[in-house]
Structure formats: C-alpha cells, structure tokens
Amino acid sequence: MREPTWFSWTRRIGLTVLAVFAGLPIWVMVTSALKPLGDVQGDFRWFPTQLTVQPFFDMWHTIPLAEYFVNSIVVSTVASLASVGVALLAAYAVSRYRFHGRQTFSIVVLSTQMFPGILFLLPLFVIFVNLSQATGINLYQSRLGLIITYMTFTLPFAIWMLAGYLDSVPRELDEAAKVDGAGPLGAFVRVVIPVAMPGIVAVTIYAFMTSWGEVLFASVLTNESTRTLAVGLQGYATQNNVYWNQIMAASLTVSVPVVIGFLLLQRYLVAGLTAGSVK
Amino acid sequence: MHRFSLGPRKLLGLFMTAAVIAAACGGAATTTAPVVSAPVVSAPAVSAPAASAAPTAAGAETTLTYWASNQGTSLENDKQVLTPELDKFTQQTGIKVNLEVVPWSDLLNRILAATTSGQGPDVLNIGNTWSASLQATGAFTQFDDATMNQIGGKDRFLAGSLSATGAAGKPPTAVPLYSLAYGLYYNKAQFAAAGITQPPTTWGEFVADAKKLTTPQHWGLSLECGSISENVHSAFTLSQQQGGAFFDDSGKPTFNTPQNIAAIKQYIDFMQSDKIVNPSNAEYSNGTEALSDFAKGKSSMMIWQAASGSLAQLGMNAADIGVAALPLPDQMPAGGKKVTSMVAGINLAVFNSSKNKDAALQFVKFMTSTPEQEILNKTYGSLPSVSEAYSDPAFQTPAVQLFKNILATSAAPLPAVAQESQFETLIGTAMKNMFADAASGKAVGDSEISSQLAAAQQQLAP
Amino acid sequence: MVGTVQLDRPPPRKRRPRRELLPYFLLLPAVVLELLIHVVPMLVGVGISFLRLTQFYLRNWSSAPAAGFDNYRLALDFNQAAGEALLHSFLVTLGFTVLVLGFSWMFGLAAAVFTQRSFRGRGLIRTVFLIPYALPVFASVIMWSFMFQRDTGIVNHVLIDQLHLADQRPFWLIGQNSFYSLVIVEVWRSWPFAFLMLTAGMQSIPQDLYEAAAMDGAGVFAQIRWVTMPMLKSVNRVLLIVLFLWTFLEFTVPYVLFGKSAPEQADLISMHIYQNSFVTWNFGTGSAMSVLLLIFLLVVTVGYLAVSSRGSDNA
C-alpha cells in the first residue's frame, strides 16, 4: 500500500531537519579544518574567505597520526569482533535457556554499566601489572591489554542487546531447524544468526565505536607506540598552542574510513531475512 | 541477500583467529626508533614488566626511563629537541635513556597509575604545583642535603623556583627544571595609537589605560575567566598584594578573609564595574581564547605566561608585543607583598621505586647543569632555573630579563600544601561562577564573594 | 509441527544433563572476562569507599585508615556545602538524562520509521545520520563549544545576526542556557545510536504484519503503535535502560564542552564526583559517591526491568 501523502511530506521534512541537525557541525568542522590557525576562533562565516589545506599536511607531523590510526584500527577491530563473538554465545544462552542464575548474571553484567569508569581505572591497572608479572605477557602498555579491556567493556551491552534481538527471533525457527536434524548450536548458527544479522551488525558497530572513542583507559594503558587516536588527538593541544584546525582536519580524515565502513555495512540493515521463513 | 553458512566450526575458527591476532598485537610494544641517528635505545623488554632495567654496577649497561612533559610545539618537536641532549648524556656517562614524551592530558593519570602500582619511569617531569601533593604520596625521592649535593648543591637554583618544589619545611621532592612567570602583555601599537607611552605600573593606571582603550568594538583587557587555573593564579597574586593568604602557616585554610575578598572583587570588577573586559570572556575556558583575542588585536592587554611563541603562530606582529610586570596597588595595603606572579614551572623528579637511583640522579645533574639549562630553556622559551645559566646572551633580551627579575624578586609559590589541587579547583570554580553571574548582570559584591569562599572552604576535606 | 503421530519415546536421558550444562559453557568466556576486568575492580572500588584513601596512602592501599561510613556521611549531609552540591548535581543529571533520553529515542525512532522503506539515497542518509557517532568526541564537542561562543559562534550568528530573534546576545556556555546546550550536544551524539539500534530492530518485523494491519484499516500511527512497537519491545527495553545509564554517567561531553569545569546549572554527576574527589586525590570520598550512584541506578534498573517484564513472557 502506498503511504499517504501527508506522511510522505512529513517524512521528507523530518529527514531534512534531522540531516541538518546532524550535518551542521560537520560543515563547521570542515571549514575550520581549512582555516589558518588564527581564524579558527574568529568570527563565523558560512563560507570563510581565507582557505588553506596546510592543516591536512601539518597534522601528520604534529603527532604520529598514522601510527595512532593503525593502533586504533587494530584495537577496535579485534576488540569488537572478539566481544561480539563472546557476547553472541552468552546472549544465546540468556535468550534461549532458562537456567539457574540467569537473572543474577544479567543484572550483575548490567550493573557494571552503573559505575563511573574512573573508579575502575586504578584497580584494573594494578590487576594488569600483577598479571603481567605473573604470566610474562605485557598487559599494561600493549594493545593486548587494551583489547581485553575494551572487549569486556562492551560485553554487557552487547549481551543484553543481542539477547534482545535474539528474543525477537521466533522460537519456531529454532524448532524448524532442529526438526531438520541440526543440534542446538547448529540451529543457532545456521538459522538464528542470519536472521539476527541486522542486530549483530548494529552491535558490532557499537563495540567498534566504543573502542574507537574510549579515552580514559587508553591514556593509562598505552605508551607512545601503542597509543590510540582518541587519546592521541589531544596531543594537538600542546604547551604553547592548540592546533584547532589540525584537530578538525585529523578528526575528519580518520573518520572517513569509519564512515565508509558504515556505508558498506548498512546494507546488512535490511528487512526480509525473516519474511516468509515461518511457514 | 546472503546466506551465511557459517558452521559452528567456522565460527569457532573466527573467534580463535581473533584471539591469536590479539595475542600477536600484544607483542608489538616496541618503541619507535629515535629520529636522529643515535645508539640504539633499548625498548622496554616485552617479557619483563619492570619499567626500569635490573640494577647494575656503575659503568655497566643501564637504561633509564624518562617521561618528559610536552614543552615544545608538539610531541614530535619535544622528541627532536631532547634526543640530541639525551645522546650527549649517554656519551658522557654510558647510561642510556629511554624517552617518552607524555601529553599533559595524560601525565597526571599515568603518574597516579605508576604510583599505585610501583611500575613507572625512573625520572619524570611534573608540574611544579603538583609537588606538595606528590610529595605526600611518598613515592618520590626527597632531595635532602645529601642528595642535593650529589647533583651539584642547592644554591645553584633560583630561590623563587626552589620554593615551589614541595611542602614548606620539608626537603624538595623535585628540582626545578624550567621556570615560568606571569607578565602583563600589551599591544604596543594600540598603546601608541591611544597616546599611552608606558605600560601601567599601578592598578589605577592600569584601569585608566584600559578604559581609554575600550571602545564599543574593542576591549582593554582579555581574561580567560572560565579557566580554573588562570582564575586561581590571578586570585593568588592579587591576594598576596593585599596581604592575604589562602592557607596559614600551619596549613589551615583561611579562604574567607577581607584581603582575599578584596583581591577577588578587584579581579571581577574588571568585568563588572570597570567594564574593561568583554562579558563574553566569562565563557573562555579552553586556555587559548583570551590569547587569541589579544593576538587578533581585539584586546590590548592580557595576563599570561611566556606567550611570544604562541602569538607569533597566531599571526601577531612581533614588534607589537610588549610585556611588563603586573601592576601593584597604588598604595600597598598593610601587610601587602609586592608579588606580581606565582612561581610557574616544571620540576624534575625521581621515582623512589626506581632501581637505578644513582643513574637517575646523574641524569638529574645533567639536566640541571648550566649548559643543558641554557640549551633547553632557549629552545622552549622558558627560563633557566639555575642562576649561572643567565649569563648566556640569549637570556639577556629585555623580555627574558623582565621575567627573570619577576621570578627573582616578585614571584611567590602557590600554597605548598597537600590540598593544593583541591584549593585550585574550589577557588577557580567559584570564580568562574562569579564571572558568569557578573556577565549576566547579577551584582557580585563582597557578601556574595564571602559566601562563595566560605562554601569553598567547607568543601575542603581535611 | 506436522500432523504425524508422535511415538511415545522416553526422553534421551544421556543428552539431558549435557544440554543443561550448555548455557553455562556458553556463558563461561563472558563470565571470566567480566569478573576479571569489571567485577573485581568494582569490588575493590567499593572497598575503597570505606577507607580514607588520599594521596598519602596511594602507594599502599591496605595501609589507609578505615573510615567506616564517614565518606558516605560526608556525601549525604545535605546541610553542608559538599552534600548540598552533590544533591544539586544529582537533580541536574536526572533532568538532563530524562530530556536526552526522550529526545534521542524520539529522533531515533522517527528516523528509523522514515527510512524503513527503501528509497534512492537511503544508504547515504543513514550514513549521514551516523557520522556524528563516527566522529571523535573530543573534536566534535570542541566544535560545538566554538559554535556556542557568544560573540563568534554560529548559533548566535544565526539567531541574532540573521534571524533577529532577540536583542541581547545570549550566553550558551554559562548560565542557565548551559544546561540546554549540554542537552543539545548530548542528543546530537546519542540519537544516531538509538537510530542504529532501532533500525536494526525493525528489520526483523515481517512485512506481512504491516500489510495485514493496513488491510484492517490501520493508518500510519496505528501501524506504528500496534505493529512496530510491540515487535520492538525487547529491543526497546534494553535500549532505554542502557541509554539511561550511559547518559546518566556522561563525563566526556561536559568535560570538553565546558573546559574541565562545568557551570553549576550543568554540573553532571560524573564530572562532579571527578572534580570533588579524584582531582583532589580523595579517592575514598569519590568511591563512596560512586557507590551511592550505583545503588540508585541499580534500584532504577531493577524496578524498570520488573515493570517492563510484566506481561511479557520473554523475561
């Protein structure tokens, strides 16, 4: 059925308003990235008169931007994939099984989201130092320590959200797969996961972005060579000056791959994987 | 529409691969090679978590870990400045130095983590206002007379800088490395255009000059009113001039006194009754806005630490930059001190848990030696903290002489108590709120200031 | 089930114990990680709240003097300046969270509904909506602080210079407006996330349900109310509670927007606790305030989950 006209218009206007809301600061960032330093905090103009691409060149030298970028990509990718993997298993258990301790587990896991991060920081650092001394694996200045930390940070939400998405996948699908002879895990992987793929993609994006943007723990758990972008960008604020234009230029540049990733991934956010499957 | 035929095995495989990649990434904790060709600096060993190498006999291979703060135009710049000096040190003593430049946003967090866990560098830079608080942790080597003699003796240092190295009555917990002070920057061209020939020396002249320079489009003074540290530094200086103090000799807080109220009122009056400061300055909080206004000629004066480098980067004409000491009251109040700046600067500290104390002290001696002080402070635009270094012609310019005089004669250290950072946060925030009130037209008088100071003191934990 | 005759077979006894252990095995990696990285540090944090842990004892926590409930008393004494400020901060944060949650969710839902049907450029629009989520917080919030500058910012430029909506140039970063600026920036950052989660959730709603409803004469709003919302229930339940928690504990946005010290009207609780305890090396007090916060959030969460589970058999 075609949508009513009034709804079409509401839709267009609504989308435009939201797009402007989302996009306006980005436009300001772009113009700021192209201004000489003195003008960034100057009077606002929609189209600035003096433009320069110098910030896009200088930004690679003020901080080791490329190195930080690689660190961030590695840490975020591994942490998000690992987190979603672990979370899927746990979410399947929570969603499909009624076992002792299910409620406790869920609440305890959720309660970790209720504590300000600063409180975890020092105890966690001490734990990592002790573990490193015991096992010989460097956890507190390496990417590994950061990956484990981020993986765990994103687990609670990932588990809860995936359990929510899995809950909305009808049990009949599991049953149908089992009738076809698959075991419980087989049913899960072959049938349920593809149907829940939009949710899985969304949660992976969440896990990636959380790791990408985390600052507090990265500042303590990394050294120069393992530092991530979120922390590293603050290096543009030096003792003598803050290179606003380079900050904007760097932020836009490092976001390009992420946005391209979104563009590619959002085709998984499609309907129809359930349509007609329950017959 | 894709059919994802991931069997359980494939899923497990994916997970394992991620785990393996994660483990592989963990091993990559190597430091980047120094920019300048130099003897290879050993990376912190991946397997042994101890940040400092095992204790060795003198002359054998020792490696120190040094956390430098950001003093230059960028982290890379700091590395480029320091690496040749560190190489010199290695040539002289055979001790290698593993340098890491830590941005200011991270430094305190990392010091905290290092203090808590015992895993940290051997030598590090600290902000001098942190000295008393860090001293209280007991994690840093005290520079008693014996230790001081090891690095060349106490008397080499500027008295002003040395006063900001620890709690009163206790030995220094760090030695001064780079020194800084506040000055009154003024725009020579705008002063000349307004017919003012000399920078003001008293507050009366100051306000009169600023009023002359203030027009509907232009302001006589720009202040970073939203910045906690700028507020509290100015409040401190003005309070000293009034004869006030925020802590008494025994370390008890004395916030709510008439002298402190007078000092803060004077500062807020610049905006509210003298009207020489743009009310919009109440929002300026990122530490660069007042500087930027001055650089662009929107204001004629500002109170800042060494700023010529930043001003040049913002496009200000060097010939227009003038600097003078902060004015004094027309008539010094009873007990008032002729203080025009707090003692600002960076200190060098040694971690008590360091396994290479002797090597670390040698490094401290090197960094505070006269030639190094001359080289580093010249590059960074700060002031040497040892008096001998001032004989270098680079420090003979009028601006540097001015700051040196300020440091030597009219600078005082912030209260050297363990609650120093609490004091800064409470007073600075209270002043920010007062400026916000003044900017929106609410009167901020003595009683308002008094109640804010009393509330701040109440929140000071013992 | 197909209509074949089911033979009465005894349940396969060997498989049952193994099947009952399966959920525990599935949970194991998550439990181990959570315990090590989250739960143990949290318990240590709770323990610290009963100590007078200041810089003097930082090196050796066990030597810190026990403070019993003193830290809690200090935090909860609403007659003293410290307790009063904490209460005020709590109320500000509550108001902030409710507003942000409401708007983020509404915008996210609206955008998800509007982009449900495929149209040309839908991928692009979805990506534009997600860009604020992709940008580093530090940079985008600084950008907003420039935009809100009284004299040179775009907001006042548009409102005053171009639209002439008021005579006086308002302040956005101090004073009462600072609260609204904070809300605006936070909504800007979090509604894309709600949009993402709701879009994903809406994909599992079968199209035939909408068609059936349409044939019954349901208009757009009715369809949303009777088809979309019930199907989104499990997703919404989680989304709302985690958004509530994250928004309540928001730290970075006010920290960057207001330059490390927030005006009293926008003093969010995470930053308040940070400024009044950690910055001053007073970890015992900070931990106590955090534990109080935890208790409040736990009560809210458990209450919400209990209420939202009633009537749903998925609980």
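Quantities reported herein were computed from a predicted structural model and do not represent experimental measurements.

S.K.: Kindly report on the overall build of chain A, identifying the contributing residues and their values.
M.R.: Check the secondary structure of chain A and you find 13 helices and zero strands. N-terminal to C-terminal, the α/β element order of chain A is α-α-α-α-α-α-α-α-α-α-α-α-α. A principal-axis box enclosing the C-alpha atoms of chain A has dimensions of 70 × 65 × 30 Å. The 279 residues of chain A split such that 63% are buried. Excluding contacts between residues fewer than 6 apart, the proportion of contacts in chain A whose partners are at least 24 apart in sequence is 74%. Split by element, the accessible area of chain A, about 9,600 Å² in all, is 67% carbon and sulfur. Mean positive and mean negative side-chain charge positions of chain A (15 and 12 charges, respectively) differ by 9 Å.

S.K.: Tell me about the sheet that holds strand β5 (residues 183-187) of chain B, residues and numbers included.
M.R.: Strands belonging to one sheet form pairs held by backbone hydrogen bonds; the direction of such a pair is parallel or antiparallel. Residues and elements named next belong to chain B. Pairing is mixed across the open sheet formed by four strands, whose spatial order is β6-β7-β5-β8. The strands lining the two open edges of the sheet, one partner per strand, are β6 (219-222) and β8 (321-324). For this sheet, the mean angle separating the axes of adjacent strands, direction not counted, is 25°. Relative to β8, β5 runs antiparallel, the two being bridged by four bridges. The partner of Tyr 186 across the bridge, within β8, is Gly 322. Strands in contact with helix α15 (residues 398-409) are β5 and β8; relative to β8, the strand with the most contacts, it is inclined by about 25°.

S.K.: Quick one: what's the story with the pairing of β5(B), residue by residue and with numbers?
M.R.: Residues and elements named next belong to chain B. Buried residues dominate β5, accounting for five of its five residues. Burial along β5 is two-sided: the face carrying Gly 183, Tyr 185 and Asn 187 and the face carrying Leu 184 and Tyr 186 are both buried. Both β5 and strand β7 (residues 299-304) contribute to a ladder of four bridges, which runs antiparallel. Paired with Gly 183 across the bridge in β7 is Trp 304.

S.K.: Lay out the side chain of A:Gln113 in plain terms, naming residues and giving numbers.
M.R.: Positionally, A:Gln113 belongs in the loop between α5 (102-111) and α6 (117-135). The exposure class assigned to A:Gln113 is buried, which follows from its relative accessible area of 10%. A polar contact of 2.8 Å, which involves the side chain of A:Gln113, links it to the side chain of C:Trp246. If we skip the residues at most four places from it in the chain, A:Gln113 touches A:Phe153, A:Pro156, C:His38, C:Leu245, C:Trp246 and C:Leu249.

The rules behind these values
- Residues numbered from 1 in each chain as written.
- Chains lettered and ligands numbered in written order.
- Predicted model: local features only at pLDDT ≥ 70, side-chain atom pairs only at ≥ 80, totals over all residues.
- Heavy atoms only, no water.
- Helix = DSSP H or I, 4+ residues; strand = E, 2+ residues; numbered from the N terminus.
- Buried < 20%, exposed > 50% of the residue type's maximum accessible area, 1.4 Å probe, protein only.
- Contact = heavy atoms within 4.5 Å.
- Areas by Shrake-Rupley, 256 points an atom, 1.4 Å probe, with all protein chains shown as cover.
- Lys, Arg positive; Asp, Glu negative; His and termini not counted.
- Charge placed at Lys NZ, Arg CZ, Asp CG, Glu CD.
- Pairing = 2+ DSSP bridges.
- Axes fitted to C-alpha atoms, helices over the stretch in contact; angles between N-to-C directions.
- Polar contact = N/O pair within 3.5 Å; in protein donor to acceptor, adjacent residues only side chain to side chain.

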